[in-house]
Amino acid sequence: MMTNALVAFSVLLLVACDKPAEMVTLTGKTMGTTYSVKYIDNGKLHVKPEAMHKGIEIILKDVNNKMSTYIASSELSMFNQNTQTDTPIEISTDLATVLAESIRLNKVTEGALDVTIGPLVNLWGFGPEKRTTPEAMEEQLETRRAWVGIEKLTLTQQDDKFFLQKAVPQLYVDLSSIAKGFGVDKVAAYVAEQGGDNYLVEIGGEIRAKGKNIEGKDWQIAIEKPSFDGSRAVSQIIGLKDLAMATSGNYRNYFEENGRRFSHEIDPKTGYPIAHRLASITVLADSTMTADGLSTGLYVLGEEKALEVAEKYNLLVYLISKTENGFEAKMSSAFEKLLNSQH
């Protein structure tokens, strides 16, 4: 996913009864991108900012050590490297949670979100592997497509233990479309456990907000207008209240070859990078993990199909498509209803 949400803030002080409330901002790096945690400290939190920062770092390191495909010793990498097809492997509750949601969202997005697409993502050079030559590409595409498919992955539960099994030895799971969202949810839960009622957690543009900002308003989030020249502009500002938000788009992570632009999002049905008018899609949901996974899956589907699925499931979706006259925004009825309620 891309960092393409701009977070709008202003003044830092608000007078509370017992102690002037202040906005605390904690930042760092994780999952190949950056994170930012902002919360209102009114003197009633259980920990000081330094301890909060340390706790956040521990949580994010743990998520990375479970779900990163770039860490060879991560729990997910160990599963990917294992070629056994007859023995289920016990996995952590966190990994099982993300996989269960990935499997559910695969159905919602009609197969467009597929976390087993790793071999194809890697083939196109968007994963840990380097991109291959165009000649070798065609040859390997068919071979690798046979390794892909959510039905080749089986998640089971016995009592409080979870097990994962693959149907083909080469099955490779890539959670980059949903793990950042899960990381946001874990950090948000931790901030709440420490007594934080008003916070905004963001990793690489995936966001979760609760309560109010320092001015006592809903957290103001800007949805960015896509551009291919690196410039930044705002398409829509929304007050995010007790909701999560994620955005997917192809205008930052791509490569060009023979005059064609290839997106980093791969269509599981064809094995090729997607090629449609949809430039970016923003999804609001109760959890960032859900918003993250949905934004990828719906983005792969393209404008018309994404809106169709959004209406079917009453999803909060905002789309920006590229037209001959520039960019055009559309939204689902649920998103429009939310927007109207804020004006």
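Residues numbered from 1 in each chain as written. Predicted model: local features only at pLDDT ≥ 70, side-chain atom pairs only at ≥ 80, totals over all residues. Heavy atoms only, no water.

Asks: What is the right way to look at the sheet that holds strand β5 (residues 89-91) in this model?
Replies: Picture the strands of a sheet paired through backbone hydrogen bonds; they go either parallel or antiparallel. Read across the open sheet, the three strands follow the order β5-β7-β6; overall the sheet is antiparallel. If you trace the sheet from one side to the other, it starts and ends with β5 and β6 (153-158), each paired once. The sheet shows a mean angle of 35 degrees between the axes of neighbouring strands, taken without regard to direction. Across six bridges, β6 lies against strand β7 (residues 161-166) in antiparallel orientation. The residue bridging Leu153 from the neighbouring strand is Lys166, located in β7. (Pairing = 2+ DSSP bridges. Helix = DSSP H or I, 4+ residues; strand = E, 2+ residues; numbered from the N terminus. Axes fitted to C-alpha atoms, helices over the stretch in contact; angles between N-to-C directions.)

Asks: Help me out: how do you make sense of helix α3 (residues 93-108) in this one?
Replies: What sets the pattern is the α-helix's 3.6 residues per turn: residues three or four places apart point alike. Over its 16 residues, α3 runs 23 Å from end to end, which matches the ideal 22 Å to within 8%, given 1.5 Å per residue. All of the buried residues in α3 are Asp94, Leu95, Ala96, Val98, Leu99, Glu101, Ser102, Leu105, Asn106 and Val108. Backbone geometry just downstream of α3 places Glu110 in the positive-phi region, at approximately 55 degrees. (Expected span 1.5 Å × (residues − 1). Buried < 20%, exposed > 50% of the residue type's maximum accessible area, 1.4 Å probe, protein only.)

Asks: How do you make sense of the nonpolar core when you look at a structure like this?
Replies: Soluble globular proteins tend to bury their nonpolar side chains together. Core analysis: the largest hydrophobic core is formed by 61 residues, its most contacted members being Val37, Tyr39, Ile56, Leu99, Leu175, Ile281 and Leu298. In terms of residue count, helix α6 (residues 179-193) provides more of this core than any other element does, seven residues in total. The next biggest cluster of nonpolar side chains, apart from the first, holds 21 residues, and it includes Ile214, Leu316, Ala334 and Phe335. (Core = buried A, V, L, I, M, F, W, Y, C linked by side-chain atoms within 4.5 Å.)

Asks: What should I look at first to understand the packing of aromatic side chains in this one?
Replies: Where two aromatic rings form a pair, the distance of their centres and the angle of their planes describe that pair. Counted by the stated rule, this structure contains two aromatic pairs. Ring geometry for Trp124 and Tyr272: centres 5.5 Å apart, planes at 55 degrees, overall tilted. Taken together, the residues Trp124 in the loop between α4 (118-123) and α5 (134-145) and Tyr272 in the loop between β14 (260-263) and β15 (278-285) connect sequence positions 148 residues apart. Here Trp124 falls in the buried class, since its relative accessible area comes to 5%. Relative to Phe335, the ring of Tyr318 lies with its centre 5.3 Å away and its plane at 40 degrees, an arrangement referred to as tilted. In this pair, Tyr318 sits in strand β16 (residues 316-323) while Phe335 sits in helix α9 (residues 333-342), placing the two residues 17 residues apart along the sequence. On the basis of relative accessible area, Phe335 is assigned to the buried category, the value being 0%. Taking the ring centre of Phe79 as reference, the NZ or CZ of Lys166 above it sits at 4.7 Å. (Phe/Tyr/Trp six-rings, centres within 6.5 Å; stacked < 30°, edge-to-face > 60°. Lys NZ or Arg CZ within 6 Å of the ring centre and 35° of its normal.)

Asks: I would appreciate a short explanation of the packing of α3 against helix α7 (residues 288-301) in the present structure.
Replies: Helices that pack against each other are described as a pair by the angle of their axes relative to one another and the distance between those axes. The geometry of α3 relative to α7 is characterised by a closest axis approach of 10 Å and an angle of 45 degrees between their N-to-C directions. Compared by their axis directions, α3 and α7 come out oblique. The interaxial crossing formed by α3 with α7 has right-handed handedness. Facing Thr97, Val98, Glu101, Arg104, Leu105 and Val108 of α3, the residues of α7 in contact are Met289, Thr290, Gly293 and Leu294. Along the lines of polarity and charge, the residues of the contact of α3 with α7 split into five nonpolar, three polar and two charged. (Parallel < 35°, antiparallel > 145°, perpendicular 65-115°, else oblique. Left-handed = near helix turned anticlockwise from the far one by under 90°. Contact = heavy atoms within 4.5 Å. Nonpolar A, V, L, I, M, F, W, Y, C, P; charged D, E, K, R; others polar.)

Asks: How should the pattern of salt bridges be read in this particular structure?
Replies: Counted under the stated rule, the structure contains 13 salt bridges. The salt bridge partner of Lys305 is Glu110, with a shortest N-O separation of 3.2 Å. Residue Lys305 is located in helix α8 (residues 303-313), and its partner Glu110 is located in the loop between α3 and α4; the two are separated by 195 residues in the primary sequence. On the basis of relative accessibility, which here comes to 27%, the residue Lys305 falls in the partly exposed class. According to the relative accessible area criterion, Glu110 is partly exposed, its value standing at 34%. The residue Glu303 makes a salt bridge to Lys330 at a minimum N-O spacing of 2.8 Å. In this pair, Glu303 sits in helix α8 while Lys330 sits in strand β17 (residues 326-331), placing the two residues 27 residues apart along the sequence. With relative accessibility at 32%, the residue Lys330 sits in the partly exposed group. (Salt bridge = Lys/Arg side-chain N within 4 Å of Asp/Glu carboxyl O.)

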